[in-house]
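# Breakdown of the fold
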Amino acid sequence: MRTYRYFLLLFWVGQPYPTLSTPLSKRTSGFPAKKRALELSGNSKNELNRSKRSWMWNQFFLLEEYTGSDYQYVGKLHSDQDRGDGSLKYILSGDGAGDLFIINENTGDIQATKRLDREEKPVYILRAQAINRRTGRPVEPESEFIIKIHDINDNEPIFTKEVYTATVPEMSDVGTFVVQVTATDADDPTYGNSAKVVYSILQGQPYFSVESETGIIKTALLNMDRENREQYQVVIQAKDMGGQMGGLSGTTTVNITLTDVNDNPPRFPQMIYTKNVSCLGFLCLGCFKYVTSSPTPHPKLLDFEKKKVYTLKVEASNPHVEPRFLYLGPFKDSATVRIVVEDVDEPPVFSKLAYILQIREDAQINTTIGSVTAQDPDAARNPVKYSVDRHTDMDRIFNIDSGNGSIFTSKLLDRETLLWHNITVIATEINNPKQSSRVPLYIKVLDVNDNAPEFAEFYETFVCEKAKADQLIQTLRAVDKDDPYSGHQFSFSLAPEAASGSNFTIQDNKDNTAGILTRKNGYNRHEMSTYLLPVVISDNDYPVQSSTGTVTVRVCACDHHGNMQSCHAEALIHPTGLSTGALVAILLCIVILLVTVVLFAALRRQRKKEPLIISKEDIRDNIVSYNDEGGGEEDTQAFDIGTLRNPEAIEDNKLRRDIVPEALFLPRRTPTARDNTDVRDFINQRLKENDTDPTAPPYDSLATYAYEGTGSVADSLSSLESVTTDGDQDYDYLSDWGPRFKKLADMYGGVDSDKDS
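Not measured: the values here are computed from a predicted model.

Before going further, it helps to spend a moment on the overall build of the chain. A count of helices and strands for the chain gives 4 helices and 42 strands. Within the chain, residue pairs in contact and separated by at least 24 positions form 67% of the contacts whose partners lie at least 6 positions apart. Accessible area for the chain stands at about 48800 Å²; split by element, carbon and sulfur atoms hold 52% of it.

Right under this line is the structure:
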């Protein structure tokens, strides 16, 4: 038994345009364009069969740029298996499905959710299918259909350039091609007139015209003259919809320039020209306006003193004339130019444009090199004075006689330092210092053989111990700062003091080089490790110059190929076969051991002399303040001041606190100073004793020498001696010392001492 089932696909297009029946090239097994049924057949409930039919689907259209508030309706998908009980589910897939196009899975309604732009995508290919919600199996085969976006006129024509530039010859015939403009429209050219562009001219008439279909701009006016107007601005419009009302349009600007053609004969505004020329220099026709087709004549120097008036006939003509303009007349014209030269005060003129002089480098100061000459070209013939521009001779090597222009030296020259001297000489009118002129002066210093040749480099070579006689060990080259005319010719020889008995010889190669050759077979570096060869180098110029250079030759041990291996003299006998490296290591160890012993001894000695710092009262770097002013003359028990004069009063059992008591030294007794001892002698004696005393305090301690001097002629004014004498002191003599001691005389004169009281 055959079962028939039906699957319907209905489309309602949301636009007034009818559905087109344009067949697609692709055939699908699906639904017809119109409402038709597909016959389905099946043998059991688990297997679906159908009678195959092929249908050609139509295209379906949607309007682009839809502006409605609701989604744009596309169509409806329906199957004859749909009972309306929600057992079927409709699925949409393909371009934009689920995003741009959505389907109601229950009703099969398809809608567009966004505004569509045909210029972005003109065609969408979709696939539709109905499946059983419970089993998930399709109840109808998948069908494919196409949605084509229907174009609207929403794009205006756009020119390929915003501004066009073109040229056309003046006097061109009507219809001469100028330029072609092009505009494009993004709308669909296959549907309607949305993309059909028509060109028109908005500005530029009646001079130019444009072809409506091609956009070609042509001339529209005869005899357009560049001399009257050269620039034109043309505005072209491109309008779609075939130029009909309601179409969109765009514009562009075309700048057209008329190029010149030879259509005007030359004409002088007047027949005679008169020009007064006061400018100095050369007469060239550029001093006045003219037109000429002939080459520029040779310049001529203007000179009022020679000629005051010049008369010229000037002709202007066109060598190439277009035949169509011959009717305008002869293409040439002539005029007379009268030039009047005015007299002006001209600067001095030198007899030459530049001077070249020569002088030998051994020339003495004030040697004349040559002279320059300048004259005033005016009729007055004003006298001229000369000077050297010191900006070109900063070192003042040259000078000039201001009256006659003689050039002479003011310093000695040296060609090897500077070969050419480029200076500038100034000539100035004495009566008018503003009038001056300059001339370059090139002075070449000629060479004199005043430099001796010398070695081109420092030569230090070697000779192998097993060298043979007449063996070349070094090639010598020389240089000379001089530059003789015939070139350098050097000669080489051993110095006279080394010529006899030398172990080497010099071979002059006669090409400004020489070779050092061995003179014997074999050398011993233990006997002589280095040879110094004095070589005399002489030139061949006058006067002959020579110098002596020294070549150092070291004797070295070499391999059998003559390659140097060692040049140091080794010991003749190596103990126990030790190598040189081993000997160096042993010597180094011995030196390190000796240095260690010396340092240890020095540190031990210094440690013995180091003072013992037992308190903050360290006399090495402190001056101890006892803060005891004493009781004056009344305090006779505080300190025995007499001990300052008698160092023998020091107690014998007191030791120094600033020395570590490793060894016991007896107190050093110093002799008592004599009453007539000079202070300087006393201090020097005590200083010498402290320097030689191993028990003396450190160098930065405070030393007391216990000497107050021998006193003044007036004796001591202090009462400190009162502690050592029992007698009274008489102070009456203070009254005789003058008014400065009056108060002191009043205090002590005629009054008993404190001791008596």
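Another point: the environment of Ala316. On the secondary structure map, Ala316 appears in strand 23 (residues 309-317). Expressed as a C-alpha distance, the spacing of Ala316 and Phe331, which sit 15 residues apart in the sequence, is 8.4 Å.

With that settled, the discussion passes to the pattern of salt bridges. Scanning the entire structure with this criterion turns up 19 salt bridges. As a salt-bridge pair, Glu119 and Arg118 come within 3.0 Å of each other at their nearest N and O atoms. Put simply, Lys218 and Glu211 hold a salt bridge, and the shortest N to O gap is 2.8 Å. According to the relative accessible area criterion, Lys218 is partly exposed, its value standing at 27%. Salt bridges sharing partners connect three or more residues here, namely Lys89, Glu105 and Arg133.

Scanning the entire structure with this criterion turns up 2 disulfides. The residue that forms a disulfide with Cys464 is Cys558, at a sulfur-sulfur distance of 2.1 Å. Looking along the S-S bond of the Cys464-Cys558 disulfide, the torsion reads about -90 degrees, which is the left-handed sense. One end of the pair, Cys464, is in strand 35 (residues 460-464); the other, Cys558, is in strand 41 (residues 546-558), with 94 residues separating them in the sequence. Looking at Cys464, the relative accessible area reads 13%, which means it is buried. One disulfide bridge connects Cys556 with Cys567, the sulfur atoms lying 1.7 Å from each other. Judged by the torsion about the S-S bond (100 degrees), the Cys556/Cys567 disulfide is right-handed. Of this pair, Cys556 sits in strand 41 while Cys567 sits in the loop between strand 42 (564-566) and helix 2 (580-609), placing them 11 residues apart in sequence. The class for Cys567 is buried, based on a relative accessible area of 11%. The connectivity of the disulfide bonds within the chain can be written as 1-3, 2-4, using the sequence rank of each bonded cysteine.

Next up on the list: the UniProt feature "transmembrane region" (unreviewed entry) in the chain. What UniProt calls "transmembrane region" (unreviewed entry) maps, in this numbering, to residues 582-603. Taken as a whole, residues 582-603 contains 100% helix and 0% strand, while its terminal C-alpha atoms sit 32 Å from one another.

Here helix 3 (residues 679-692) is 14 residues long and its end C-alpha atoms lie 20 Å apart, about the 20 Å a rise of 1.5 Å per residue gives. Burial in helix 3 covers these residues: Phe682, Arg686, Glu689 and Asn690. Seen along its axis, helix 3 keeps its buried residues to an arc of 100 degrees; they face one direction. Across from the buried face of helix 3, at angles greater than 90 degrees, the exposed residues are Arg680, Lys688, Asp691 and Thr692.

As for its placement among the helices and strands, Gln180 is situated in strand 13 (residues 177-180). Considering only alpha carbons, one finds Gln180 and Ile217, 37 residues apart in sequence, at a separation of 5.8 Å. The residues touching Gln180, leaving out its near neighbours within four places in the chain, are Tyr164, Thr214, Gly215 and Ile216. Only 2.9 Å separates the side chain of Gln180 from the backbone oxygen of Thr214, close enough to count as a polar contact.

Time to look at the pairing of strand 39 (residues 513-518). Of all 6 residues in strand 39, 6 are buried; the element is thus mostly enclosed. Side chains Thr513, Gly515 and Leu517 project from strand 39 onto one buried face, and the interleaved Ala514, Ile516 and Thr518 project onto a second face that is buried too. Judged from the 5 bridges that link them, strand 36 (residues 472-479) and strand 39 form a sheet pairing that is antiparallel. Opposite Thr475, over in strand 39, you have Gly515 as the bridge partner.

Now for the nonpolar core. Generally speaking, soluble globular proteins have nonpolar side chains that are buried together. One finds Phe350, Tyr386, Ile407, Val425, Leu441 and Ile443 to be the most contacted residues of the largest nonpolar core, which totals 23 residues. Where this core is concerned, the elements lending two or more residues are strand 26 (355-360), strand 29 (384-388), strand 30 (398-400), strand 32 (420-429) and strand 33 (436-446). Top element by residues in this core is strand 33. It accounts for 4 residues. Excluding residues that lie within four positions of it along the chain, Val425 makes contacts with Phe350, Val372, Tyr386, Ser387, Ile400, Ile407, Ser437, Arg438, Val439 and Leu441.

Pairing is mixed in the open sheet, where 3 strands are placed in the order 20-24-23. Here the strands that pair on one side only, and so sit at the sheet edges, are strand 20 (272-277) and strand 23. Neighbour-to-neighbour, the strand axes of the sheet open up by a mean angle of 25 degrees, direction not taken into account. For strand 20 and strand 24 (residues 332-341), the ladder comprises 6 bridges, and the chain directions are parallel. Bridge pairing in strand 24 places Val277 opposite Val341.

Once that is clear, we can look at unusual backbone geometry. Cis rather than trans, the peptide bond between Gln205 and Pro206 has omega equal to 0 degrees. Mapped onto the elements of the fold, Pro206 is located in the loop between strand 15 (198-203) and strand 16 (208-210). The omega angle of the peptide bond from Tyr542 to Pro543 is -10 degrees, so this bond is cis rather than trans. With respect to the helices, strands and loops of the structure, Pro543 is situated in the loop between strand 40 (530-538) and strand 41. Non-glycine residue Asn223 carries a positive phi angle of around 60 degrees. Inspection of the secondary structure assignment puts Asn223 in the loop between strand 17 (216-219) and strand 18 (231-239). Even without glycine at this site, Met241 takes up a positive phi of about 60 degrees. Relative to the helices and strands, Met241 is located in the loop between strand 18 and strand 19 (249-259). Given a relative accessible area of 23%, Met241 falls into the partly exposed group.

With that settled, consider a nonpolar patch on the surface. Side chains of Ile356, Leu419, Trp420 and Tyr442 sit close together on the surface and give an oily, nonpolar patch of about 370 Å² of accessible area. The residue Ile356 is located in strand 26 in this model. The class of Ile356 is exposed, set by a relative accessible area of 61%.

Within the open sheet, the 3 strands sit side by side as 27-31-30. Their pairing is antiparallel. Looking at which strands have only one partner, the edges of the open sheet turn out to be strand 27 (368-371) and strand 30. The sheet shows a mean angle of 25 degrees between the axes of neighbouring strands, direction not considered.

Conventions we followed
- Residues numbered from 1 in each chain as written.
- Predicted model: local features only at pLDDT ≥ 70, side-chain atom pairs only at ≥ 80, totals over all residues.
- Heavy atoms only, no water.
- Helix = DSSP H or I, 4+ residues; strand = E, 2+ residues; numbered from the N terminus.
- Contact = heavy atoms within 4.5 Å.
- Areas by Shrake-Rupley, 256 points an atom, 1.4 Å probe, with all protein chains shown as cover.
- Salt bridge = Lys/Arg side-chain N within 4 Å of Asp/Glu carboxyl O.
- Buried < 20%, exposed > 50% of the residue type's maximum accessible area, 1.4 Å probe, protein only.
- Disulfide = S-S within 2.5 Å.
- UniProt positions renumbered as here; feature names shortened; annotations may be inferred.
- Expected span 1.5 Å × (residues − 1).
- Arc of directions from axis to C-beta.
- Polar contact = N/O pair within 3.5 Å; in protein donor to acceptor, adjacent residues only side chain to side chain.
- Pairing = 2+ DSSP bridges.
- Core = buried A, V, L, I, M, F, W, Y, C linked by side-chain atoms within 4.5 Å.
- Axes fitted to C-alpha atoms, helices over the stretch in contact; angles between N-to-C directions.
- Patch = residues over 30% accessible without salt bridge, like charges linked within 9 Å, V, L, I, M, F, W, Y side chains within 5 Å.

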